[in-house]
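# Observations on the three-dimensional arrangement
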Amino acid sequence: MIVCHCNAVSDREIIDAVRTGALDVDEVGRSCGAGTDCRGCRERIEKIIEFAAPRRPALRAS
């Protein structure tokens, strides 16, 4: 599904960017161009990042 219509970037491209290291919307934009023009899709990109980001174990305080 196309998420960023300005740059024709799909959800799969955004997920690939996240899984290869993009940690936030700006990094996704640098990787694949999503969210860099009108910026109307940035909220959707954030949701995809939450879904696709690798889960990190919580740090325990000693």
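Not measured: the values here are computed from a predicted model.

## Quick look at the pattern of salt bridges
If you walk through the whole model with that rule in mind, you get one salt bridge. Put simply, Asp-26 and Arg-42 hold a salt bridge, and the shortest N to O gap is 2.9 Å. Taken together, the positions of Asp-26 in helix 2 (residues 25-32) and Arg-42 in helix 3 (residues 42-52) put the pair 16 residues apart, joining distant regions of the chain. Accessibility expressed as a relative area gives 39% for Asp-26, which makes it partly exposed.

## Some thoughts on the packing of helix 1 (residues 11-19) against helix 3
Orientation of helix 1 relative to helix 3, taken along the N-to-C sense of each, is 55°, at an axis distance of 9 Å. Looking at the two axes, helix 1 sits oblique to helix 3. Here helix 1 runs over helix 3; the crossing is right-handed. Contacts between helix 1 and helix 3 involve Asp-11, Ile-14, Ile-15, Val-18 and Arg-19 from the first element and Ile-45, Ile-48, Ile-49, Phe-51 and Ala-52 from the second. Here the contact of helix 1 with helix 3 is composed, by residue class, of eight nonpolar, no polar and two charged.

## A word on the packing of helix 1 against helix 2
One can describe the packing of helix 1 onto helix 2 by two numbers: an axis separation of 9 Å at closest approach and a directional angle of 110°. It follows that helix 1 is roughly perpendicular to helix 2 by the angle criterion. In this structure, helix 1 meets helix 2 at a crossing whose hand is right-handed. Residues Glu-13, Ile-14, Ala-17 and Val-18 of helix 1 form the contact with helix 2, whose own contacting residues are Val-28, Ser-31 and Cys-32. Considered class by class, the residues forming the contact of helix 1 with helix 2 number five nonpolar, one polar and one charged.

So, how was this worked out
- Residues numbered from 1 in each chain as written.
- Predicted model: local features only at pLDDT ≥ 70, side-chain atom pairs only at ≥ 80, totals over all residues.
- Heavy atoms only, no water.
- Salt bridge = Lys/Arg side-chain N within 4 Å of Asp/Glu carboxyl O.
- Helix = DSSP H or I, 4+ residues; strand = E, 2+ residues; numbered from the N terminus.
- Buried < 20%, exposed > 50% of the residue type's maximum accessible area, 1.4 Å probe, protein only.
- Axes fitted to C-alpha atoms, helices over the stretch in contact; angles between N-to-C directions.
- Parallel < 35°, antiparallel > 145°, perpendicular 65-115°, else oblique.
- Left-handed = near helix turned anticlockwise from the far one by under 90°.
- Contact = heavy atoms within 4.5 Å.
- Nonpolar A, V, L, I, M, F, W, Y, C, P; charged D, E, K, R; others polar.

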